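Examination of the molecular architecture
Here is what each chain is made of, one letter per residue.
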Protein chains: 4
Amino acid sequence: MRTFNVGILGATGAVGQKFIHLLQGHPWFHIAQLGASERSAGKRYGDTVTWIEPVDLPDAIANQTIQSCRPEVMNEVDFVFSGLDSGVATEIEQSFAEAGIPVISNAKNYRQHDSVPLLVPEVNADHIGLIAQQKFTDDHSGFIVTNPNCVCIPLSMALAPLHRRYGIASVVMTTLQAISGGGYPGVPGMDITANIMPYIDGEEPKIGLEPLKILGELKNGTVQFADFPVEATATRVPTVEGHLLSVTVSFEEKPASADEAKKVIRDWQSPLEDLDLPSAPKQPLRLYENPRFPQPRLHSYQEGGMQVSVGRVREAEVMDLSMMVLGHNTVRGAAGCSILNAELLARKGYFS
Amino acid sequence: MRTFNVGILGATGAVGQKFIHLLQGHPWFHIAQLGASERSAGKRYGDTVTWIEPVDLPDAIANQTIQSCRPEVMNEVDFVFSGLDSGVATEIEQSFAEAGIPVISNAKNYRQHDSVPLLVPEVNADHIGLIAQQKFTDDHSGFIVTNPNCVCIPLSMALAPLHRRYGIASVVMTTLQAISGGGYPGVPGMDITANIMPYIDGEEPKIGLEPLKILGELKNGTVQFADFPVEATATRVPTVEGHLLSVTVSFEEKPASADEAKKVIRDWQSPLEDLDLPSAPKQPLRLYENPRFPQPRLHSYQEGGMQVSVGRVREAEVMDLSMMVLGHNTVRGAAGCSILNAELLARKGYFS
Amino acid sequence: MRTFNVGILGATGAVGQKFIHLLQGHPWFHIAQLGASERSAGKRYGDTVTWIEPVDLPDAIANQTIQSCRPEVMNEVDFVFSGLDSGVATEIEQSFAEAGIPVISNAKNYRQHDSVPLLVPEVNADHIGLIAQQKFTDDHSGFIVTNPNCVCIPLSMALAPLHRRYGIASVVMTTLQAISGGGYPGVPGMDITANIMPYIDGEEPKIGLEPLKILGELKNGTVQFADFPVEATATRVPTVEGHLLSVTVSFEEKPASADEAKKVIRDWQSPLEDLDLPSAPKQPLRLYENPRFPQPRLHSYQEGGMQVSVGRVREAEVMDLSMMVLGHNTVRGAAGCSILNAELLARKGYFS
Amino acid sequence: MRTFNVGILGATGAVGQKFIHLLQGHPWFHIAQLGASERSAGKRYGDTVTWIEPVDLPDAIANQTIQSCRPEVMNEVDFVFSGLDSGVATEIEQSFAEAGIPVISNAKNYRQHDSVPLLVPEVNADHIGLIAQQKFTDDHSGFIVTNPNCVCIPLSMALAPLHRRYGIASVVMTTLQAISGGGYPGVPGMDITANIMPYIDGEEPKIGLEPLKILGELKNGTVQFADFPVEATATRVPTVEGHLLSVTVSFEEKPASADEAKKVIRDWQSPLEDLDLPSAPKQPLRLYENPRFPQPRLHSYQEGGMQVSVGRVREAEVMDLSMMVLGHNTVRGAAGCSILNAELLARKGYFS
C-alpha cells in the first residue's frame, strides 16, 4: 500500500487529538496538515492545544503550524479526517468534498444524508457504494464518509450478527456513558463526581436512528433502513473511557436459547479479515461468560480499543434477550472507526 | 405516643450503624440495647465498631456494652430492629419472635415468608394484617416484619400509583446502584473507581420478585401477588448514596399520554398523612420536570432521604412509558424504611 | 436581634447559590434582593440559574426577579453579601460601599486592602476595628469586610491557638482541595476523574499571604502581619467538598510534645461563645485521635460545615509538628464564613 | 542473552498478576511455574485467580497448575520473583535462597537486611555487590534481592541526581497514593470514593528509612546509609494508578536556582544505557515545565510505566526546593522494578 498525506480538521479538539494519537506510526497515513479555527491558524500546534491524551504530544506535531480549515490552504493532502464541531462541520466538510478532497468524518452533520455512508466496516462495508451517488464533484474524487455516534458503533456491531440471524423487532436499552464522550472541557467535575447525569442532550434520538441506517441494506443506490424501534435512556456516569450498554432485545424469530444466541455472536467472523487493514481488530466482537465482565476500565482497550465486548447474554423475562455491550467510545466509537473507514477506502482505491 | 425501648441486632454493621444514626433524637424510640456477634459481646461499642456514618458516634452509644443477639440477654426492649447478615438472621430473628419480641427486619430471610409483611407503609400498610397469621407466639406478641430490598422500595413506590391506575403488564429496567449498597468493606475500591460492575450477585432475582408481593393484595389472610414480569439488569456504579433506576413499563391499559401518567404520580397522596409518623416524608414521591434531574448526589437526601424522586417520565418507543427513579438506598431503601415500619406498627398498637 | 434585609451579589453563581441555601431559615437575615449580571437582570431567578445545591431551590427565591448589581437598584437592603467573580468585584463592591451599603464579601479583591478586615471571627474578631479607617462614606455607613480564601480559613483556625502559644516560625504544606472549590462549571470532569491536578492557578500565593494578615495584630489602626514563610503546594483531588491540608510547622518555641500541642488545640475556646451568633459552631476546632480521621466525606459537615477538624497531630522528623486540617470549603471556607462575619457585625451594631 | 525459566511466588495476588502481565513477551524470562498458597496448590490458575489486570489472562498461564511455594516443588526455575504477602515472605524466600534459587522480591521483609540489596538499578546498581555477603548457600547461588516500597522508588530516583550534586539535608513530603497500592480487594470503595484517607498504615516509616539505604554508599561490603530525616505524610486518594508526591527538600549546598536544579535532573543519564536491559526506560526521569503536569492518569504509563515524572520544580519559601514526583506504583514502584532488577542481575551473570 502506498502512503497517503492526511489532514486533520478540528485538530486541537478532543477528537482531533485522538486522531493524532492513533495515527502515530500508522503504516499508510502520514499527518501532513493540521486544521483548526481561524483564531488558532498561524500558531504553533504545541503552543495552542491543551493536550489531554495520555501519551506525549509528538514533537513533529507540536512544531507544525495550524492552518485554517479551508481546502485551498490544506491542499497538500490526499484526504482529511474531520473531528469538527457540528456547529461548523456542514460547510467546511462540503467545501473540502467540493474541492475534490475526501472527508472521513466523525461529525454528525452528514450521517443521515441519503448518499453518505454511515460506516462501520465490519457491519456495512458495502455501503461505500453510496459514494457513487454523491454530487460534490463530477468525478467523485471528493466525497464524505461518516462514522456513527459513539454508542451506535458498538451497539450495531453487537446487534449485527443477531439481526442477520433472527431479525430484531425492538430494543430497550440504557447507556452508562463515559465522561470522555462529552469532549473537553465537557462534563463539569461537579456534575459527575460520585454522581450520575440521567440525561445526555441529543443522544437518545441518535441511538434511535443511526443503527437503522447502519443495519440497513444498500439496494439500487439507497439504504433501506432496518425497521425496529429503539427505546434508549442515555446516562453519563463517572467512568473515563468505555460506554457500557444494557440492552434488551426482542426478535422476529426468537432464538432457541441464550446459548444459541451466544454461538451466533461467537461465530461472527470479521468480514475484513482478507483486507489486512492495519486498525481492524482480529476479533471485532468478544463474548465474555464471566458475569462480572465486561468492565469499562478493564476491557475497553482490548485490541487497541477496537474490539467490542459483549457479556451477560441471557434470556430475558420480558422481550427475548438481555446483554451488556462495551465499546471504547473515543477509539472504536469515534476516531478509531474513522481511521478504519479510511483504511477500507484506501484498500478499495477510493483515494486516487 | 409513649416511648419504646429498642434493641438493634447487628449493631456494628453498616445497616446497624445507620439505625443508630437515624434513631438519634427519635421522639418515640430509645436505643436501649445493642446486639452483635458473640465475638464482640462484652466489649464497649465505641472500641469495636469501625464507624462509617458521616456524623459523630454519640457518646451514649459508644459507651454501651455490646450484647449477644439472644432474647434472654436483650430482654429490656419492646422490640428490635434487625440489620443482621442473612447468614445468621433466620435463627436469631426467629428466636426473638418466639420470645415475644417483635423483629423489624432489614434482612432478606423472611421477606418471602407467607405470613410476613414485606412492608413499604406508603404502598401496602394493610399488609400488616398478615401478622395475625404468624405462629411465633400464641398471643402474636412476637412477630417479624420486613422491608424490601433497597431497589425494590423506591421502585415499588414509583410504580404503585401507576399500577393502581393502569395495571402494570411488564417492566424492563437497569439499575445504577451506589457503593454503599454493598455494605462495608463491601465493594473494593479497585472494582469501582472510574469503573462499573455489570452484575450484582443475587440482586436481579429480588427485583423480579419483591415488587410483586409489595404491590399484591391482601385477601383472606394471604397476599395475592401482582402478576407481571420484571427484566432487571443490576449494575454498580461509582456513586456513594442513591440508587438510580432506568425503568420502562408496559401497562394493561396504556396511559393517554406521559402528561396523564405524570399527573397520576403527582397526585398520589401519602396514605400515611393522618397518622403523623415521625419519619414519614410529607411528599413520598416527587416528580421532576427538568430532564437533568434526579441526580444521586443532589436529590437522594430530600426529606431526610425518605422521599423518592421520579424524573424523565416520557412515552416510550417500545412498551409504554419510560422514567428514572431515585431512592436513597441506605435510608429510604433500608434502615429508614424499617423505622417507618416500626412507627406504623407503634401507631397501630402492635407493640404492647 | 432585629431582622435585616440582605441582598446577594452574584446570586446565580456557585457562591451565590450557597448563600441562598445557607440563609434559608436564618433568624436574622432575610433575602430581599438578588443581583447578577446585566444579562440576567429582569429574568426570573428560577429560570436563569443552573441550581447545583443539594437542596431544593426555594419557591420564594425561584420567583424573585434578578436585578443588576447596582446600589441604586438594590436599595431595599441593609447590607449585601458578595459572591462576585473577581473580574467585576472591585468596582461593584466599591459602588455599594460608597452608597452606604455594607458589603460582606467572599471575593478576593479587597482582602489585602489596608483598611479592610480579612475576617475569621473566631481568630481575629477585633480586626473589625479597621472599618473605622475606611473612606467609602463619611459616616462609615458603607464599608467592606472580606473573608479569606477557602484554604486559609481552616488553616488559620488550626494554626491560631498554636501561633498564640508557640509563635509559628515557618510552614510547609500540601493541600488536597475539593472540586467544588473551582466553582461551576469549574474543573472539567476529564481533568479530575481518577486523577489529580498538581497545580491550582493563583492559589499558592494566597496561602502564603492571607494567614499572615489573619493572624496579625491590630495596632493603631493597622494590622501588623504575622511574619513567617509558608511553602504551599496546592493540588486538586477528586473529592466534592472539604479541603484537606497536610501541614508541617516549625515554631519559635518548640512544643514540649505533641500531646502538649494537642492540649492547646483542644483547650481553645470559641471567643464567640457569649455572642450567641446563629452560625457560630459550638466547637470551632475539633481534634481527632483516630489516625484515619478526619476524612472529607465523613467530617466536612460537622456542625453544619462550620467546624474545622484537626487530626494526626504528631511530632515531625523535620521542623516541629505535623497535622492534617480539614474544612468545608464552600461553607466554613466561603459563604458560611461570610454569614458568620455578618452576624458578628450585626451583633456589634455595624448595620445601622 | 540466554532465556531463563522463572517462577512467581504469590502468583494469584495483585503483584503476582502484574508480574504475569509484564512478563508476557519478555525476551529473556519465561514463566515456568506459578506458586501460591497451599489452599490453591493443585488447582488450575485460571479457575482460582480473580484476574484484575486490564489485559487478557493469557491462556498458557490460565492453564498452568498452581504449585505450593516450596523450592522442592518449584525446582524447574532459574530464579523466582516474589509477590508474597509479608506475613509469609520471610520463611518462604529464605527457603528458596537456601535451596540455591535466587529470589527477586517485592516483599518488604528483607529490605533492611544488612546483606540484601534494596535495588533501583538506575540509582544503586553497585549495591548488588552486597550479594557476596549473603550466607544462604556456600556458593552464593541462592540469594535475595529486593526492590523498595512503591513511594520510595520514584522518590529515590527523583532525589538521586540532586543528592549527588547538592547533598540532601532534609525532606518534608506528602504523598497522594493510588488505590492499586492497597492490593486487591484492598481499599474499600466506601473509604475512597470522593474521599481521602489521611493515613496509610505502616507507610510513613518505610518512606523515612528506605531512601537512606537506596541513596547510601556501598563501602567494604556494607551500605553506609545516607543521613537525612524525612517527614512524610502518606494519604490515599481516588486515583487508580500512579503515586504523586509533593516534596520539599533542603540541601547541604543550596542550588543556585531552580533552573540549575532542573538542569541537574534533566542531565541525569541512565547509568543503564550500555547494558541494553529490556525493561529499562530510555529516559528514567522526565522533567515537565507545564505546571499542570505530571498527572497520574496522563503520565503514569510513560515508557510502559517505567519512567518517573518530575514537575513544578521551584524554589521554596521554606527549605530550598519544592517539586512534584510521579511514578507508576505497580509497575515502576513494584513488579516492573523487580523485573528490571532481575535483568540487571542476568546481565551481570548472577543467574548461573
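Each value, and the rule that gives it
- Residues numbered from 1 in each chain as written.
- Chains lettered and ligands numbered in written order.
- Predicted model: local features only at pLDDT ≥ 70, side-chain atom pairs only at ≥ 80, totals over all residues.
- Helix = DSSP H or I, 4+ residues; strand = E, 2+ residues; numbered from the N terminus.
- Rg over C-alpha atoms; globule rule 2.2 N^0.38 Å.
- Contact = placed C-beta atoms within 7 Å.
- Domains from an automatic or database assignment.
- Nonpolar A, V, L, I, M, F, W, Y, C, P; charged D, E, K, R; others polar.
- Least-squares fit on C-alpha atoms with pLDDT ≥ 70 in both.
- Core = buried A, V, L, I, M, F, W, Y, C linked by C-beta atoms within 7 Å.
- Buried ≥ 20, exposed ≤ 12 C-beta atoms within 10 Å, placed from the backbone.
- Pairing = 2+ DSSP bridges.
- Axes fitted to C-alpha atoms, helices over the stretch in contact; angles between N-to-C directions.
- Expected span 1.5 Å × (residues − 1).
- Parallel < 35°, antiparallel > 145°, perpendicular 65-115°, else oblique.
- Left-handed = near helix turned anticlockwise from the far one by under 90°.

A few words on the overall build of chain A. Helix and strand content of chain A: 11 helices and 14 strands. A compact globule built from 352 residues would reach a C-alpha radius of gyration of about 20 Å, and chain A, at 20 Å, matches this within 12%. Here the C-alpha coordinates of chain A stretch approximately 60 × 50 × 30 Å along the principal axes. Taking contacts inside chain A between residues at least 6 apart in sequence as the whole, the part at least 24 apart equals 75%.

All names here are of chain A. The domain architecture assigned to chain A consists of domain 1 (4–148 + 335–347) and domain 2 (152–329). For domain 1 versus domain 2, the separation of C-alpha centres amounts to 25 Å. Taken together, the 30 residues of domain 1 in the interface contact 26 residues of domain 2. Counting residues per element, the ones that place at least two in the side of domain 1 that touches domain 2 are helix H5 (121–124) and helix H11 (331–347). It is H11 that contributes the most residues to the side of domain 1 that touches domain 2, 7 residues altogether. Taken together, the residues of the side of domain 1 that touches domain 2 sort by class into 15 nonpolar, 9 polar and 6 charged.

For the rest of this paragraph, the subject is the relation of the copies chain C and chain B. Mapping chain C onto chain B calls for a screw motion: a turn of 180 degrees about the axis and a shift of 0.0 Å along it, with 0.0 Å RMSD after fitting. The superposition operator between the copies reduces to a two-fold rotation axis. Distance from the rotation axis, computed per C-alpha, reaches its smallest value in chain C at Ala194(C): 3.2 Å. Both copies share a contact surface, since 100% of the interface residues of chain C are interface residues in chain B too.

Moving on to the relation of the copies chain A and chain B. Superposing chain A onto chain B requires a rotation of 180 degrees together with a translation of 0.0 Å along the rotation axis, leaving an RMSD of 0.0 Å. The fraction of interface residues of chain A whose copies in chain B are also interface residues reaches 100%, indicating that both copies meet through the same surface.

Counting residues in hydrophobic clusters, the biggest one holds 463 residues, and the most contacted among them are Val80(A), Val80(B), Val80(C) and Val80(D). Residues in contact with Val80(A), not counting those within four places in the same chain, are Val6(A), Gly7(A), Ile8(A), Leu9(A), Met74(A), Phe96(A), Ile101(A) and Val103(A).

Residue and element names in this part refer to chain A. Most of strand S11 (residues 243–251) sits out of view: 7 of its 9 residues are buried. Strand direction decides the pairing type here: strand S7 (residues 168–177) and S11, joined by 8 bridges, are antiparallel. Bridge assignment links Met173 to a residue of S11, and that residue is Val247. Pairing of S11 with strand S14 (residues 321–327), which is carried by 7 bridges, proceeds in the antiparallel orientation. For Thr248, the partnering residue across the bridge sits in S14 and is Ser322.

All names here are of chain B. Strand order in the open sheet formed by 6 strands is S10-S7-S11-S14-S13-S12, and the pairing between neighbours is mixed. With one partner strand each, in any of the chains shown, strand S10 (230–236) and strand S12 (285–287) form the two edges of the open sheet. Geometrically, the sheet is characterised by an average inter-axis angle of 20 degrees between neighbouring strands, direction not taken into account. In terms of strand pairing, strand S13 (residues 308–315) meets strand S14 (residues 321–327) through 5 bridges, oriented antiparallel. Each bridged residue has a counterpart across the sheet, and for Val310 the counterpart in S14 is Val325. Its contacts with the sheet put helix H6 (residues 152–166) on strand S7 (168–177), strand S11 (243–251), S12, S13 and S14, and the angle it makes with S14 is roughly 140 degrees.

Now for the interface of chain C and chain B. Taken together, the contacts link 6 residues of chain C with 6 residues of chain B. Counted by class, the side of chain C that touches chain B contains 4 nonpolar, 1 polar and 1 charged residues.

Across the contact, 38 residues belong to chain A and 38 residues belong to chain B. Elements that contribute at least two residues to the side of chain A that touches chain B include exactly S7, strand S10 (230–236), S11, helix H10 (296–299), strand S13 (308–315) and S14 of chain A. Of the residues forming the side of chain A that touches chain B, the biggest block, 5 residues, is contributed by S7(A). Split by residue class, the side of chain A that touches chain B holds 21 nonpolar, 12 polar and 5 charged.

In the segment running from Tyr184(A) into Pro185(A), the intervening peptide bond is cis, with an omega of 5 degrees. Inspection of the secondary structure assignment puts Pro185(A) in the loop between S7 and helix H7 (189–192). At the junction of Phe293(C) and Pro294(C), the peptide bond is cis and its omega measures out at 0 degrees in the coordinates. Summarising the element assignment, Pro294(C) is placed in the loop between strand S12 (285–287) and helix H10 (296–299). One non-glycine residue, His140(B), adopts positive backbone phi at about 60 degrees. Mapped onto the elements of the fold, His140(B) is located in the loop between helix H5 (121–124) and strand S6 (144–146). Residue His140(B) is classed as partly exposed on the basis of its 17 C-beta neighbours within 10 Å. Positive phi, close to 55 degrees, is recorded for Ala194(B), a residue that is not glycine. By the secondary structure assignment, Ala194(B) is in the loop between helix H7 (189–192) and helix H8 (203–214).

What follows concerns the environment of Glu241(A). Residues and elements named next belong to chain A. Following the sequence through the fold, Glu241 ends up in the loop between S10 and S11. On the basis of neighbour counts, which here come to 21 C-beta atoms within 10 Å, the residue Glu241 falls in the buried class. Along the primary structure Glu241 and Tyr184 are separated by 57 residues, whereas in three dimensions their C-alpha atoms are 13 Å apart.

Right, let's get into helix H4 (residues 86–98) of chain B. All names here are of chain B. End to end, H4 covers 19 Å across 13 residues, agreeing with the expected 18 Å (1.5 Å per residue, within 8%). When H4 is considered as a whole, its buried residues turn out to be Ala89, Ile92, Glu93, Phe96 and Ala97. For H4, the elements touching its buried residues are strand S1 (4–9), strand S4 (79–82), strand S5 (103–105) and S6. Taken from the residues just after H4, Gly100 is the one with a positive phi, measuring 85 degrees.

A word on the environment of Gly189(C). On the secondary structure map, Gly189(C) appears in helix H7 (residues 189–192). Separated by 49 residues in the primary sequence, Gly189(C) and Pro238(C) place their C-alpha atoms 9.3 Å from one another. Filtering out sequence-adjacent residues up to four positions away, Gly189(C) remains in contact with Ile179(A), Gly186(A), Val187(A), Pro188(A), Gly189(A), Asp191(A) and Ile192(A).

Residue and element names in this part refer to chain C. Along strand S13 (residues 308–315), 7 of the 8 residues are buried, which leaves the element largely enclosed by surrounding structure. Across 3 bridges, the pairing between S12 and S13 is parallel. Paired with Leu287 across the bridge in S13 is Val310. The antiparallel hairpin formed by S13 and strand S14 (residues 321–327) contains 5 residues in its connecting segment, where Met319 sits at a positive phi of about 65 degrees.

All names here are of chain B. With parallel pairing, the 6 strands of this open sheet are ordered in space as S3-S2-S1-S4-S5-S6. Across the chains shown, the open sheet's two edge strands, defined by having one partner strand only, are strand S3 (67–68) and S6. As paired elements, strand S2 (residues 29–36) and S3 share 2 bridges and run parallel to each other. Bridging from a neighbouring strand, Ala36 pairs with Ser68 of S3. Together, S1, S4, S5 and S6 form the strand contacts of H4, whose direction differs from that of S5 by roughly 150 degrees. In this fold helix H11 (residues 331–347) packs onto S1, S2, S4, S5 and S6, with an angle of close to 145 degrees to the strand it touches most, S5.

Helix-helix packing: each pair is described by the crossing angle between the helix axes and the interaxial distance. All names here are of chain A. Viewed as axis vectors pointing N to C, helix H6 (residues 152–166) and helix H8 (residues 203–214) meet at an angle of 50 degrees, and their least axial separation amounts to 10 Å. Overall, the two elements H6 and H8 adopt an arrangement that is oblique. H8 is crossed by H6, and the crossing has right-handed handedness. Contact with H6, carried on its side by Cys152, Leu155, Ser156 and Leu159, involves Lys206, Ile207, Glu210, Pro211 and Ile214 of H8 and no other residues of that element. Here the residues of the contact of H6 with H8 sort into 6 nonpolar, 1 polar and 2 charged.

All right, on to helix H1 (residues 14–23) of chain C then. Residue and element names in this part refer to chain C. Across the 10 residues that make up H1, a large majority, 10, are buried. Among the residues of H1, those classed as buried are Ala14, Val15, Gly16, Gln17, Lys18, Phe19, Ile20, His21, Leu22 and Leu23. Buried residues belonging to H1 abut strand S1 (4–9), strand S2 (29–36), helix H3 (59–62), strand S4 (79–82) and helix H12 (331–347). Following H1 by one or two positions, Gly25 adopts a phi angle in the positive range, close to 75 degrees.

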